[in-house]
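If you want the building blocks of each chain, they are given just below.
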Amino acid sequence: MKRKWIRAGVSLLLLGLAFVGGWWARVAMRPPTASAGGSMIVQRDFTPMISDARTPKADSTVSEPAMVTLYYRVLDLVKREYVEPVDETKLMQGSLEAMLAALDDSHSQYLEPQQLEQYLKALNGTVSGIGAVLKLIQRKTTIKVGNTNETAPVAQRLIQVVAVLPNSPAEKAGLKTGDLITEVDGQWVLSEDPFAEVAQLQRLHSERQQIRDADRRARERLRTAIPISEAIQKLTRLPKTGEKPELTLKVSRGGQSIELKIARAETRVKPLEYSRVRGQYGYIRLNILNTQAAREFDQAIRTLQQGGMCGLILDLRQTAIGQQESALKILGQLLRVRQVGLVETREGSTYKKRPLLLSGAPKGTNLRIAVLIDGGTYNVTELMALALRTGAKARLIGMPTAGDASQAVLYQLKDGSAFTLTVGRYYGADGTVFDKRGVQPDDRVTSSPTMRGQPNGDPALDRALSWLAQSQKEVRS
């Protein structure tokens, strides 16, 4: 009997720890839900990185009968004993949100039916809010402690701008890749423990008045704070009735604090734009990698070739929204080999790399290709740039890319909800690692364009044109 009580106590302790961990993860990472009269468009790190869409199958090898029984026991007790009536669906959805949030991976999240609808809408190119792709990053820093020479370590979770969509309010306001959003309408985005200074002063046995002053500052800061989830919700939806349309943001850029006023609106993103540059070179700017972009790319290539194109510039700067399958279809027009890259997946405790191949034979091209990249070239688009360098001898020009190699899958569930999950890591076909490192350009161009896609107003484009012209001379000689 004594052993049974001990086992029961341990089980309850573990359950309590799991609940606290799940609750904290849910608070820290929970995606905002759509509000009445507004649109919650997913414009974050985990946005449209859809590699596949399928329904999960039962797998007895991962079943944990004891924990499942315990879970349903707790659920039953909550339904029967909680002081107020409960919504079972809400409880179950909250459990799924917390479980995926506990992975601490912003590519992995639960989507309620309405959120899924908005998610797919964003992938198709209609985004609401400020019009920027955002992600959550973690970093460690230190803060000064009182009037001492001591510092306290602080773990931060920050909203970072990955890319700015063309013709969006964010672009018009001057928001840039790499900006950290620290305040929304005068409210500090709760990115760290405001009581870290207090805790350090207590550890140092500092004077009581110092501790009180630090505690007062922390409480005042917390009073004017806004949770990350609420901040993202404001940034990624249309204004509610009676709400002012614009937001005042404070962003950190290069160690400086900048204030920007950004409107919120619905932005329709063109999949791609193309033109002829200097009469003989084709220029294609990919804004989003989806099914429509793949179809339009095929047409753009044909049109440019009919006009006698003798070199191609592919602009992947700020291309942060994309599907793997669409990228493969576009690459099939340009690569000379079937292998696009490698994907590393886990099988039990071991990891295996497998080739990622085109679905059919590559059409290839004899054109010289220059690819423009920057910090907004993100995820599957980074793999695309690497594939063009290894499989079409393209020249990469610009700045290092974002450095996200997550292969994410969308699982659609029978009740209309879904969840995304990171299932692998991308590598270049030659084994190049770009996760957290970025793809490095062959020619680095640090100057930003004043007129993107226009000669003499776009330094990276000018460099690409010079390289293509030099390549032509070498071929002739």
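Each chain has its residues counted from 1, running along the sequence as written. Thresholds applied to this predicted model are a pLDDT of at least 70 for local features of residues and 80 or more for the giving and counting of side-chain atom pairs; totals over whole chains, interfaces and linings are not thresholded and use all residues. Hydrogens and waters are ignored; side-chain quantities use all the structure's heavy atoms.

(A) Quick look at the pattern of salt bridges. A side-chain nitrogen of Lys or Arg and a carboxyl oxygen of Asp or Glu constitute a salt bridge if their distance falls within 4 Å. Counted by the stated rule, this structure contains 25 salt bridges. Lysine 353 is paired through a salt bridge with glutamate 344; the nearest N and O atoms lie 3.5 Å apart. Look at lysine 353 and you get partly exposed, because its relative accessible area is 44%. Between lysine 352 and glutamate 347 there is a salt bridge whose closest N-O contact spans 3.6 Å. Shared partners join several salt bridges into a network, and the residues in it are Asp315, Arg317, Arg452 and Asp458. Think of it in three bands: residues with accessible area under 20% of the maximum for their type are buried, residues over 50% are exposed, and the middle band is partly exposed, with areas taken using a 1.4 Å probe on protein chains only.

(B) Just the packing of aromatic side chains, in detail. Within 6.5 Å between ring centres, the rings of Phe, Tyr and Trp (the latter by its six-membered ring) count as paired, and their orientation is classed by plane angle as stacked under 30 degrees, edge-to-face over 60, tilted in between. Summed over all chains, the structure comprises 2 aromatic pairs. Relative to tyrosine 72, the ring of tyrosine 71 has its centre 5.5 Å away and its plane inclined at 85°; by these criteria the two rings are edge-to-face. For tyrosine 72, a relative accessible area of 46% puts it in the partly exposed group. With centroids separated by 4.9 Å and ring planes inclined at 20°, the aromatic side chains of tyrosine 411 and phenylalanine 419 adopt a geometry described as stacked. Here the two residues tyrosine 411 and phenylalanine 419 agree in accessibility, since each one is buried. Any Lys NZ or Arg CZ found within 6 Å of a ring centre and within 35 degrees of that ring's normal is scored as a charge over the ring. Just above the ring of tryptophan 188 sits the side chain of arginine 221; from NZ or CZ to the centre is 3.7 Å. Here lysine 353 stacks its cationic end above the ring of tyrosine 427, 4.5 Å away from the centre of that ring.

(C) Structural view of the environment of lysine 329. Along the polypeptide, lysine 329 turns up in helix H10 (residues 324–331). Sequence-wise, lysine 329 and glycine 360 are 31 residues apart; in three dimensions their C-alpha atoms are separated by 9.3 Å. Strands here are runs of E lasting at least two residues and helices are runs of H or I lasting at least four, both read from the DSSP assignment and numbered beginning at the N terminus.

(D) Molecular detail of the sheet that holds strand S14 (residues 312–315). With mixed pairing, 6 strands are arranged side by side in an open sheet as S12-S13-S14-S17-S18-S21. Only two strands of the sheet have a single neighbouring strand rather than two, namely strand S12 (272–277) and strand S21 (443–444). Across 4 bridges, strand S17 (residues 369–373) lies against strand S18 (residues 395–398) in parallel orientation. When the sheet's bridge partners are listed, valine 371 is paired in S18 with leucine 396. By definition, residues are in contact when any of their heavy atoms lie within 4.5 Å. Note on definitions: angles span 0 to 180 degrees between N-to-C directions of axes, and those axes are lines fitted to C-alpha atoms, for helices only across the stretch in contact. Contacts from helix H9 (residues 291–306) reach S12, strand S13 (281–286) and S14, with the element oriented near 10° to S12. In this description, strands pair whenever DSSP reports at least two bridges between them.

(E) Examining the pairing of strand S16 (residues 350–357) more closely. Where strand S15 (residues 339–347) meets S16, 8 bridges bridge the pair, whose relative direction is antiparallel. From the neighbouring strand, valine 343 faces S16, where its bridge partner is arginine 354. The antiparallel hairpin formed by S15 and S16 contains 2 residues in its connecting segment, where glycine 348 sits at a positive phi of about 70°.

(F) View of the packing of helix H2 (residues 65–81) against helix H3 (residues 88–101). Axis separation between H2 and H3 bottoms out at 11 Å; the angle between their running directions is 140°. When the interaxial angle is binned, H2 and H3 end up oblique. The hand of the H2/H3 crossing is right-handed. Where H2 approaches H3, its residues Tyr71, Tyr72, Leu75, Val78 and Lys79 are matched on the opposing element by Glu88, Leu91, Met92 and Ser95. Looking at the contact of H2 with H3 residue by residue, the classes come out as 6 nonpolar, 1 polar and 2 charged. When an angle is under 35 degrees it counts as roughly parallel; over 145 it counts as roughly antiparallel; between 65 and 115 it counts as roughly perpendicular; any other value is oblique. Left-handed describes a crossing whose near helix is turned anticlockwise from the far helix by less than a right angle; the clockwise case is right-handed. In the scheme used here, Gly and all other residues not listed as nonpolar or charged are polar, with Ala, Val, Leu, Ile, Met, Phe, Trp, Tyr, Cys and Pro taken as nonpolar and Asp, Glu, Lys and Arg as charged.

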